[in-house]
Amino acid sequence: LATMMRHIYPRLRCFAFEPPGCVYDEALCNFSESFITSFVRHDDIVPRLAPANADALRDEFFELLARVKIPKFKLFRDIRDIVNDDDLSRRNLAVLRATESTPRDTQYYQQLLKFRNERTEKDISNRSTSTKLYIPGKIIHLCDVNGDGIFYIPY
């Protein structure tokens, strides 16, 4: 809205809190730096939303799924339990193989490789038409100082 109204109100300033990261192309982002300031709090997901990040998350999930060494229904049942960091580490060791120990001869892994190859081909063919997207304006990253979600400092 600020970008659309800028030509009518040349002194307009916009303060965006947690704007999505898939809104402006590079030229528009550079243009908006003079009148938009975006605030991004700690590790909030919304400003990091972008097609490339969604693809990376999907790929990491599929890779992680290949590393599971117990029946998947047990994993999805157990994953709902809240655990502390020490218990989480122990649970991860109990249910996940090391990356280098992931079996490569399973049907799932072969389908995963096929999917990756198809995605790579599609990405190569779309590279010339895809546009990298950014958070608008100047960005102030607010860091959680104590890890309690209460006190933040700008970075």
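Data block above holds the structure.
Residues numbered from 1 in each chain as written. Predicted model: local features only at pLDDT ≥ 70, side-chain atom pairs only at ≥ 80, totals over all residues. Heavy atoms only, no water.

A. Spotlight on the nonpolar core. Formed by Ala2, Tyr24, Cys29, Phe35 and Ile36, the largest nonpolar core amounts to 5 residues. For alanine 2, the contacting residues outside a window of four places in its chain are Leu12, Cys14, Phe35 and Ile36. (Core = buried A, V, L, I, M, F, W, Y, C linked by side-chain atoms within 4.5 Å. Buried < 20%, exposed > 50% of the residue type's maximum accessible area, 1.4 Å probe, protein only. Contact = heavy atoms within 4.5 Å.)

B. Highlighting the packing of aromatic side chains. Overall, the coordinates contain 5 aromatic pairs when judged by the stated rule. Taking the centre distance of 5.4 Å and the plane angle of 70 degrees together, the rings of phenylalanine 31 and phenylalanine 35 count as edge-to-face. What makes phenylalanine 31 partly exposed here is its relative accessible area of 42%. Grouping aromatic residues by their ring pairs yields a cluster made of Phe15, Phe17 and Phe39. (Phe/Tyr/Trp six-rings, centres within 6.5 Å; stacked < 30°, edge-to-face > 60°.)

C. Structural context of the side chain of glutamate 63. Secondary-structure assignment places glutamate 63 in helix α3 (residues 51-67). Residues in contact with glutamate 63, not counting those within four places in the same chain, are Thr102, Tyr109, Leu112 and Arg116. (Helix = DSSP H or I, 4+ residues; strand = E, 2+ residues; numbered from the N terminus.)

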